[in-house]
Amino acid sequence: SQKIEQNSEALNIQEGKTATLTCNYTNYSPAYLQWYRQDPGRGPVFLLLIRENEKEKRKERLKVTFDTTLKQSLFHITASQPADSATYLCALKGRGSQGNLIFGKGTKLSVKP
Amino acid sequence: GAGVSQSPSNKVTEKGKDVELRCDPISGHTALYWYRQSLGQGLEFLIYFQGNSAPDKSGLPSDRFSAERTGGSVSTLTIQRTQQEDSAVYLCASSLQGTANEKLFFGSGTQLSVL
């Protein structure tokens, strides 16, 4: 069956370090992969989208990689700040209708000052 | 409006009662999605509307759940004969056309508690 796994439920790092979050998937052949940020009591907010023919995408301190051979995406936050503390979700389009975006369970990132 | 609006933000109900949750998508967005998020769990897809096409109901967990979208805008998710396991945050999202490369805009959700 189709599955998305974010293999760390929680990640604690020190301010200024680089946070690396992992998203693995099985039984998918996604053309796109998205990353979202979710703060407590709020809905997810879109961060980045990467296409299958893009190896890497950057936006300010964020970097996403997409390896279709390994079926894995890595999400990096460089020079992390306490304000980056949140839950980060990866998402893929599942089989079926175009709208069926499947989300991982998320990784809760805590950046300590 | 400026963003996706959901109401109520919190709903407490008794087991066996029916509830209606409302979603106002971003104006002009043709695609609308409902997700459910239980404590410590990921987002569970429920239903998807796109324009005038038949909705994708493949994620609805039982026939107690239904949703409609009137006039291509506002959507209502109805849960009949609520059960305690229905307690969760119900999130609505919209996107411009519903294609796979589009970002979703989420509301803040409705926290449903079934006692």
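Everything here concerns the structure above.
These remarks concern the structure in this document. What you see is a predicted model; the values in this text were computed from it and never measured.

### Here we look at the interface of chain A and chain B
Taken together, the 21 residues of chain A in the interface contact 20 residues of chain B. A combined buried area of about 1700 Å² lies between chain A and chain B, and 55% of that area is made up of carbon and sulfur atoms. On the surface where chain A and chain B come into contact, there are zero salt bridges. In this structure, the connection of chain A to chain B is made through six residue pairs in polar contact (both at pLDDT 80 or more). Mapped by element, the contributors of at least two residues to the side of chain A that touches chain B are β4 (32–38), β5 (45–51), β9 (86–93) and β10 (101–103) of chain A.

### A closer look at the state of the cysteines
Under the criterion given, the structure shown has two disulfides over all chains. Across a sulfur-sulfur distance of 2.0 Å, Cys23 of chain A and Cys90 of chain A are joined as a disulfide pair. Because the sign of the S-S torsion sets the handedness, a value of about 70 degrees for the bond joining Cys23 of chain A and Cys90 of chain A places this disulfide among the right-handed ones. Here Cys23 of chain A is found in strand β3 (residues 19–26), whereas its partner Cys90 of chain A is found in strand β9, with 67 residues between them in sequence. Taking relative accessible area as the criterion, Cys23 of chain A reaches 0% and is therefore assigned buried. Put simply, Cys23 of chain B and Cys92 of chain B are joined by a disulfide, and their sulfur atoms are 1.9 Å apart. The sign of the -65 degrees torsion about the S-S bond sets the Cys23 of chain B-Cys92 of chain B disulfide as left-handed. Highlighted residues: Cys23 of chain B in strand β3 (residues 19–24) and Cys92 of chain B in strand β8 (residues 88–95), separated in sequence by 69 residues. Of the two residues, Cys23 of chain B and Cys92 of chain B, neither departs from the other in class, the shared state being buried.

Cut-offs and rules
Residues numbered from 1 in each chain as written. Chains lettered and ligands numbered in written order. Predicted model: local features only at pLDDT ≥ 70, side-chain atom pairs only at ≥ 80, totals over all residues. Heavy atoms only, no water. Contact = heavy atoms within 4.5 Å. Buried area = accessible area lost by both parts, 1.4 Å probe. Salt bridge = Lys/Arg side-chain N within 4 Å of Asp/Glu carboxyl O. Polar contact = N/O pair within 3.5 Å; in protein donor to acceptor, adjacent residues only side chain to side chain. Helix = DSSP H or I, 4+ residues; strand = E, 2+ residues; numbered from the N terminus. Disulfide = S-S within 2.5 Å. Buried < 20%, exposed > 50% of the residue type's maximum accessible area, 1.4 Å probe, protein only.

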